[in-house]
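Descriptive analysis of the structure
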Amino acid sequence: MSTGPLPPVAPDVLADAVEQLSARLRKKLDAAVADCADRAAVAADGSVEVRFGEDATVTLRPGPSGAVTKAEQAVCTCLLAPRCLHRAAVLGAAPLDDGEGDAYGTDAQATDGAVGASAGSGADSPADDGPAAIAPGQPVDAPTGDPRRADDVAGSEVGTGVAEPAAPVALTPAQVRAAEALWAAAAEALAAGVTAGGAVVQAELLRAAHTARLAGLPRAEAAALRVVRGLRAARERSQGQRLSDLTEAFRELLAGAEALSSGSADAGVAGSTRRVYEQGGSLRVYGLCREPVLSATGYGGVTTHLIGADRAGYTVSDVRPGGLARAKGAGSAPVALGGGALDHAGLARGGLRIVGATVSADGRLGAGRGVSATPLRGADWSEEPVAALFARPVREAMAAVLADDASGAGEAGGTATSLLGCDVEVIGAAGDGVVVRVAGEGPLLRLRAAHTHPELPHAANLRRIAQYPGLALRVLGRPDLDRAATLRPLAVGPVPGASATLRLPDGWRGRADLGYDQLQGEHFPRESAGAAASRPVTAGPDPLADAPLWRVRRLLEAGVAGGRRAVAEAGRGTDAASLLTRLTRAGLGGTAHLAQALTAEAGRRPRDAFGRLTDASADGYARAWLASAVHLSAAERSLVAWSWS
């Protein structure tokens, strides 16, 4: 469903409009929402009108921010207004506002991760007031307060040394009540699934999300908004919508709400609406690579990854509304740090000496008035401190990334501490990726594009590399923690001392940013690609594909798509017995037990002598689904770790 010219609407405004409807009108809401966008027309004064026959016209008058943030900005001319179906339908058809209610959220998820908007607020402004922190190539939706973004930068000089466990903090009664309400709304939405998760179910989630925001739980609100957007996209069958993403969003929402409703959680679970920068003194940082940022909500830009003299990781980002055009152009835009001494292309291959630096907990460098920067000569990948990224064995480096991720770091879009470097030999193409072997008889890895958008050169560069089996390559990228032995390369370079390796121009300083630089035939060894390039290539064992865990994931996704009833149906007949048998034979007895408990709880609908439900709550089902989802995530992560050995 296209939203047409309809302006964004604040979640609480939509929730209030749906709440005012009678039970009879709520049943008609989903059908009324369907064609509202097609009827919308922009008036001369900038308002948007939607006509429903001759007697009813809904008018939306956005505020200065361009969004409808107050109830009085949406009016209807019918006799039932404001408690009318017309007004609620138009508000339900409009996109959700990406303003403050979601400004501390990025989007995950990425998928596929989180670097931020323009480079911080610096010394004179302790918080980042820019747009949301956005993961490279991922939707905007995850909160900046998410502890997975808090991989503290090493080094006592910047005041963010080795990460220390956050002390548990007691939540206020209002926060606990808000978390309980969010859990209840999320449980009902999960039980309904996509098929029954219409505007009314979404409005209940939005109401709970707004309550969480008022209670000071921004991370919980962002998770709820992510689920609502996922439900909308799934019901509209939007291109690019993935059921696995919505399943992950439900898992994060339920897990966060459950932790908060317990009344005690660490500071990161509640989240923060602002990114705090601390004084970092003087720093010397050296460029590693550039990475284009493109979000599902229209943001675009670039993140430049840096490494300090103490091997700590940093980022400088420039992300603003603009989409693909801005993501492509920002790679050569001036760096908003210390007077713009370099552009991002120069910084990725150069360095800076920063005086009065300000650094956030996740390594983002601030750009306040008290910050000054002087260009430095860049460090080659074979020189310290960059060489340390490639000297570490991949198994050891991957173990560190997984440990950081488990403790709240290492998410996609993080600093250089979440990047992995290694020397590899190209084997050949396998599907849409490239199979390589780590030098020194290391494991087989799959190189997959960090961003698959056809207008970005990631995929084209990998296809070119796959044509040269035997090519020695130095790769810097981000491990894909959801796939077996998979690396998302951000930049490549020649291997020192190797004959069959890349031959890059002097201006590239020994590296090619795969998201911006185009590899050509002249950059490869003069020998043409051999016949081996056309032979089938085996990608190596995939423990995730070989294990029967995919059956559990399919069960969980069936619950998200079809709701509680779909899981109950899956628990009947021979399919359920086959699932339990396969899991048990594979040594996954705990997984089998949780899957069996889930299907049993889904089918548990006790009734009295008159056929009425005696327990209509979705609480038990949601807890069983969450237990199985969390266990599955841990099991898959263990197999991913094993695949790198």
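In what follows, the accompanying structure is described. (Residues numbered from 1 in each chain as written. Predicted model: local features only at pLDDT ≥ 70, side-chain atom pairs only at ≥ 80, totals over all residues. Heavy atoms only, no water.)

1. Quick word on the packing of aromatic side chains
Describing an aromatic ring pair means giving the distance of the ring centres and the angle of the ring planes. Tallying each qualifying case throughout the model produces 2 aromatic pairs. Between Trp381 and Phe390, the aromatic rings sit 5.1 Å apart at their centres with planes inclined by 35°, giving tilted as the arrangement. For Phe390, a relative accessible area of 11% corresponds to the buried category. Relative to Phe524, the ring of Tyr468 lies with its centre 4.4 Å away and its plane at 5°, an arrangement referred to as stacked. With a gap of 56 residues between them, Tyr468 in the loop between helix 15 (458-466) and strand 15 (472-479) and Phe524 in the loop between strand 17 (512-513) and helix 16 (543-546) connect regions that are remote in the sequence. (Phe/Tyr/Trp six-rings, centres within 6.5 Å; stacked < 30°, edge-to-face > 60°. Buried < 20%, exposed > 50% of the residue type's maximum accessible area, 1.4 Å probe, protein only. Helix = DSSP H or I, 4+ residues; strand = E, 2+ residues; numbered from the N terminus.)

2. A closer look at the sheet that holds strand 3 (residues 56-60)
Taking strand neighbours across the sheet as the criterion, the 4 strands line up as 1-2-3-4 in an open arrangement whose pairing is antiparallel. The open sheet is flanked by strand 1 (40-42) and strand 4 (74-76), the only strands paired with a single partner. Strand-to-strand twist in this sheet, taken as the mean axis angle between neighbours without regard to direction, amounts to 20°. Here strand 2 (residues 48-52) pairs with strand 3 via 5 bridges, running antiparallel. Residue Val48 lies in a different strand from strand 3, and its bridge partner there is Leu60. Against the sheet, helix 4 (residues 85-93) touches strand 2, strand 3 and strand 4, its axis set at about 40° to strand 3. (Pairing = 2+ DSSP bridges. Axes fitted to C-alpha atoms, helices over the stretch in contact; angles between N-to-C directions. Contact = heavy atoms within 4.5 Å.)

3. Concerning the side chain of Arg564
Mapped onto the elements, Arg564 comes out in helix 18 (residues 564-570). A relative accessible area of 6% places Arg564 in the buried class. A distance of 3.2 Å separates the side chain of Arg564 from the backbone oxygen of Ala602, its partner in a polar contact. Among the polar contacts listed, one links the side chain of Arg564 to the backbone oxygen of Arg604, at a separation of 3.0 Å. (Polar contact = N/O pair within 3.5 Å; in protein donor to acceptor, adjacent residues only side chain to side chain.)

4. A word on the nonpolar core
Ranked by size, the top nonpolar core spans 100 residues in total, and within it Leu6, Leu29, Leu60, Leu205, Phe250 and Trp625 carry the most contacts. Once residues within four sequence positions are removed from consideration, Phe250 is found in contact with Ala186, Ala189, Leu190, Val227, Leu231, Val560 and Trp625. Listed in part, the 36 residues of the second largest apolar core include Met398, Leu462, Ile465 and Leu504. (Core = buried A, V, L, I, M, F, W, Y, C linked by side-chain atoms within 4.5 Å.)

5. Topic: unusual backbone geometry
Note the cis peptide between Ala81 and Pro82, where omega equals 5°. Relative to the helices and strands, Pro82 resides in the loop between strand 4 and helix 4. With an omega of 5°, the peptide bond between Glu384 and Pro385 qualifies as cis. Here Pro385 lies in the loop between strand 11 (372-376) and helix 13 (387-391). Look at Arg311: it is not a glycine, yet its phi comes out positive at around 70°. With respect to the helices, strands and loops of the structure, Arg311 is situated in the loop between strand 8 (299-308) and strand 9 (313-321). Residue class for Arg311 comes out exposed when judged on its relative accessible area of 52%. Positive phi, normally seen in glycine, also occurs at Arg509, with a value near 55°.

6. Considering the packing of helix 6 (residues 173-196) against helix 9 (residues 243-261)
Where helix 6 contacts helix 9, the two axes come as close as 8 Å, and the packing angle between them is 150°. Of the possible angle classes, the one that applies to helix 6 and helix 9 is roughly antiparallel. The element helix 6 and its partner helix 9 pack so that their crossing is left-handed. Here helix 6 contributes Val176, Ala179, Glu180, Leu182, Trp183, Ala186, Ala187, Ala189, Leu190 and Val194 to the contact with helix 9, which in turn contributes Leu246, Phe250, Leu253, Leu254, Ala257, Glu258, Leu260 and Ser261. In terms of residue class, the contact of helix 6 with helix 9 is built from 15 nonpolar, 1 polar and 2 charged. (Parallel < 35°, antiparallel > 145°, perpendicular 65-115°, else oblique. Left-handed = near helix turned anticlockwise from the far one by under 90°. Nonpolar A, V, L, I, M, F, W, Y, C, P; charged D, E, K, R; others polar.)

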